[in-house]
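Spelled out from the first residue to the last, the chains are:
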Amino acid sequence: MEHGTLICLAGMILATVAPNVRAHSAAPAIAAPSVAVLLARAEGAKSNDQDRYRSILVQLHERSASLSVAQRWHLRLLDAQQLSFDGNYGKADPLLYDIVAHSGDQALSIRAMARLVQNKFNSHHYVDAYTLANTLMAELPKVADPTARLEGMDRVIIMLNGAAVGQYELALQYAREMKATLPSAAAQCIAEMGETNSLLYEGKLLSTNPRFRQAIDTCLAAKHPLSADALRLNQASAMIDEGRAKRAIAFLHRIAPAIRKNRYPPYLASLQVTLAQAYLSLGDAANARKFALTTTAMSGANSTLWILQAAYEVLYKAEKMSGHAAAALAYYEKYVALDKAAVDHAKARALAYQMVKQQVQSKKLKLDALDKQNRILQLRHALAVQSQKASRLYIALLLVVIAFIAMAMFWLRRSQLRFRKMARYDGLTGVFNREHFFEEAGHALRRLHRAKAGACLVILDLDHFKRVNDSYGHVAGDVVLRQTVAVCLRELRKSDMFGRLGGEEFGILMPVASREQGVEIASRIRCALAAEPMVVKAGITITVSASFGVAWSADSGRSLRDLLIDADAALYRAKDGGRNQVAVDTRADLLPEDPEDAQLTCNA
Ligand SMILES: Nc1nc2c(ncn2[C@@H]2O[C@H](COP(=O)(O)OP(=O)(O)OP(=O)(O)O)[C@@H](O)[C@H]2O)c(=O)[nH]1
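Everything numeric in this text was worked out from a predicted model, so none of it was measured.

Right, let's talk about the state of the cysteines for a bit. All chains considered together, the criterion is met by one disulfide. The partner cysteine of C189 in its disulfide is C219, sulfur to sulfur 2.1 Å. Because the sign of the S-S torsion sets the handedness, a value of about 95° for the bond joining C189 and C219 places this disulfide among the right-handed ones. With C189 in helix 10 (residues 185-201) and C219 in helix 11 (residues 210-221), this pair connects stretches of sequence that are 30 residues apart. A relative accessible area of 0% means that C219 is categorised as buried.

Here it is as structure tokens:
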């Protein structure tokens, strides 16, 4: 059998697909069935009872006022399917396009699209058919509704199995996916049929293969007798192609009652022409002619092209076989005309398929290019965002570094100040250390010299301080040292300079002070110290005394060194004189007071 003929058969079978629609709860016996029940019944009757189907549609239209919006769209699809079944594509197609564009119901749209593909194919609008089929293939994976999937996949399988397309492997894949994912009996029938046809067209199936039996039984069980008929007719054609014409004739006679019972005109004609072909291949010109003439007699305006073409081919060959040259020529002319039309259609189909394929590919390429452009733009944007982020990061990093440097500088400055302080001040008492005292005293003396002013230098040294340490410990000694400093500072003026010269020895520089003033201050400190109770340990309070040596710049000279020598010598004399007293430098005419007097002065 010619390949194209099988496609036409398959196309017709689609009209018989029974959707898997569940009826809503049954209405009470006396009440009229609900609209939902009627819609479900129509779906059920569509595949096997055309008269009932039409009468249900009439009932639904009578109750159109009570239909919901969704039910109206559903009814529109049923109407379109009825019109399509009648070949009234002019009325059916606008309804179907309307459903696709405006129903807003994905499942209904897919079903409408599947029907449109078939209508466009049947009305030879192949470009439209393949374009719609491509859209259908793209939309199908998004649909979950089993009826929509069933009708959509069925259409895709038939389209892929078509001679112009020849994508048998892909058709097989769809059929197997359908078999695996849609458990309804109807789906199993369609899937089995798609699978069987794909294998047959690919040359991988002999007529003897049990798969035929299995597919036919599945369709009979699913109450799809027309699908079973289509499979049977395909099997018979395969027998003829394999040179088993006798077997084909026996088989066709066996299935003839069932095909007649189903009264589907294209299959009735197909039965006749296949018988004619079988007899012809056996060389039985009489029977071949008889069945071919029955075929042509059955054909009307809507007859399938390939059936008529095959019938005229048989007729011309049978007449030729019988030696009726004139009759053979007449049939041959008809056959050639039909063959040309068939070839034209096949060409048109192939061309349309290629055109759509090109269009789809170029659209895909354009989309790819746009997608790439889009990605480039996105990348650019991302890059800009990144570089913006990076520069923000750099700025933040810079600020952190600046803050870090500022902090480091601050800490450096602080430690510099601390070190400078440590270098200038005595750690225990907080007053100038020896070096700084000498430095500052030197500067002050030079300033005073320039101002032609004098100064007094006093050195004081605690008496028997070693004993404090020895008796109460070093910590107690430190307490005494700190308190001695406090007493001295209390007695001194702001302009006086005070420093620890080492151990328990302290120096005082009194700018612009006379010898008498120096002696007076020293005596005041001596008395204050002697009168100061010092708590060196818990519960132990002691008093200490100190000896003082005083030097005056007018006598000793203006250099610090000279003043120190004289003050030190005076201190030595104070110690030597019995301690706890003030002594002045030896160069002065003024001799030190009597040590006894000095101490008495204090007590007075
Ligand atoms: N607690 C304490 N003791 C110190 C410090 N510096 C020096 N001394 C002690 O001061 C004492 C000084 O002793 P000496 O030089 O014999 O003088 P002194 O005992 O005061 O006797 P005279 O000066 O002769 O009255 C020593 O025992 C030193 O260890 C200090 O910072 N803290």
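Turning to the UniProt feature "transmembrane region" (unreviewed entry) in the chain, a few remarks are in order. In the numbering adopted here, UniProt assigns the feature "transmembrane region" (unreviewed entry) to residues 393-412. Helix makes up 100% of residues 393-412 and strand 0%, whereas the separation of the span's terminal C-alpha atoms amounts to 28 Å.

It is worth spelling out the environment of L39 at this point. One can find L39 in helix 2 (residues 35-45). Spatially, the C-alpha atom of L39 lies 7.7 Å from that of L60, the residues being 21 residues apart in sequence. What L39 contacts, discounting residues up to four positions off in sequence, is L60, Q71, H74, L75 and L78.

With respect to spatial proximity, 16 residues lie near the ligand, and among them H464, F465, N469, R500 and R579 are the closest. Measuring from a nitrogen atom of the ligand, one finds a side-chain N or O atom of N469 at 2.7 Å. Elements supplying a minimum of two residues to the shell around the ligand: strand 1 (455-462), helix 19 (465-472) and helix 20 (474-491). Considering every element that reaches the shell around the ligand, the biggest residue donor is helix 20, with four residues. The residue makeup of the shell around the ligand, split by class, is three nonpolar, five polar and eight charged.

Moving on, we come to the environment of Q50. Take Q50: it is sitting in helix 3 (residues 50-62). Judged by relative accessible area, Q50 falls into the buried class, the value being 18%. Residues Q50 and F85, spaced 35 residues apart in sequence, show a C-alpha to C-alpha distance of 9.6 Å. If near-sequence neighbours (up to four positions away) are discounted, Q50 is found in contact with A45, Q82 and F85. Among the polar contacts listed, one links the side chain of Q50 to the side chain of Q82, at a separation of 3.4 Å.

The tally for this structure, following the rule as stated, stands at 14 aromatic pairs. When the ring of Y316 is compared with that of Y332, the centres are 4.6 Å apart and the planes differ by 70°; the resulting orientation is edge-to-face. Of this pair, Y316 sits in helix 16 (residues 305-321) while Y332 sits in helix 17 (residues 325-424), and the two are 16 residues apart along the sequence. Positioned above the aromatic ring of W73 is the side chain of R76, whose terminal nitrogen or guanidinium carbon lies 4.8 Å from the ring centre. Its end group placed over the ring of F419, R418 keeps NZ or CZ at 5.9 Å from the ring centre.

Next up on the list: the packing of helix 9 (residues 168-181) against helix 10. The N-to-C vectors of helix 9 and helix 10 enclose an angle of 160°; their axes lie 8 Å apart at closest approach. Comparing their axes, helix 10 and helix 9 come out roughly antiparallel. At the point where helix 9 passes helix 10, the crossing takes the left-handed sense. Residue-level contacts link Y168, A171, L172, A175, R176, M178 and K179 of helix 9 to A187, Q188, I190, A191, E192, G194, E195, S198, L199 and Y201 of helix 10. Broken down by class, the residue content of the contact of helix 9 with helix 10 amounts to ten nonpolar, three polar and four charged.

Our next topic: unusual backbone geometry. Phi is positive for R263, which is not a glycine, with a value near 55°. Looking at the secondary structure, you find R263 in the loop between helix 13 (245-262) and helix 14 (265-282). Phi angles above zero are rare outside glycine, and V512 is one such case at about 50°. Positionally, V512 belongs in the loop between strand 3 (505-511) and helix 21 (515-530).

Before going further, it helps to spend a moment on the environment of K575. Summarising the element assignment, K575 is placed in helix 23 (residues 560-576). The exposure class assigned to K575 is buried, which follows from its relative accessible area of 17%. As for K575 and F548, which are separated by 27 residues in sequence, their C-alpha atoms are 8.3 Å apart. When neighbours within four sequence positions are excluded, K575 is seen to be in contact with D461, L462, D463 and S547.

With mixed pairing, the five strands of this open sheet are ordered in space as 2-3-1-6-7. Either end of the sheet is taken by a strand with one partner, and the two such strands are strand 2 (497-502) and strand 7 (582-584). Within this sheet the neighbouring strands show an average axis-to-axis angle of 20°, counted without direction. Lying over the sheet, helix 20 contacts strand 1, strand 2 and strand 3, oriented at roughly 150° with respect to strand 1.

Attention now moves to the pairing of strand 1. Across the eight residues of strand 1, eight count as buried, placing the element largely inside the fold. Burial of strand 1 is two-sided: the residues A455, L457, I459 and D461 facing one way and the residues C456, V458, L460 and L462 facing the other way are all buried. Two elements, strand 1 and strand 3, share seven bridges in a ladder whose sense is antiparallel. Within strand 3, the residue paired with I459 across the bridge is G507. Bridge count between strand 1 and strand 6 (residues 546-552): seven bridges; the pairing is antiparallel. Pairing of D461 across the sheet is with S547, part of strand 6.

Parameters at a glance
- Residues numbered from 1 in each chain as written.
- Predicted model: local features only at pLDDT ≥ 70, side-chain atom pairs only at ≥ 80, totals over all residues.
- Heavy atoms only, no water.
- Disulfide = S-S within 2.5 Å.
- Helix = DSSP H or I, 4+ residues; strand = E, 2+ residues; numbered from the N terminus.
- Buried < 20%, exposed > 50% of the residue type's maximum accessible area, 1.4 Å probe, protein only.
- UniProt positions renumbered as here; feature names shortened; annotations may be inferred.
- Contact = heavy atoms within 4.5 Å.
- Near = heavy atom within 4 Å.
- Polar contact = N/O pair within 3.5 Å; in protein donor to acceptor, adjacent residues only side chain to side chain.
- Nonpolar A, V, L, I, M, F, W, Y, C, P; charged D, E, K, R; others polar.
- Phe/Tyr/Trp six-rings, centres within 6.5 Å; stacked < 30°, edge-to-face > 60°.
- Lys NZ or Arg CZ within 6 Å of the ring centre and 35° of its normal.
- Axes fitted to C-alpha atoms, helices over the stretch in contact; angles between N-to-C directions.
- Parallel < 35°, antiparallel > 145°, perpendicular 65-115°, else oblique.
- Left-handed = near helix turned anticlockwise from the far one by under 90°.
- Pairing = 2+ DSSP bridges.

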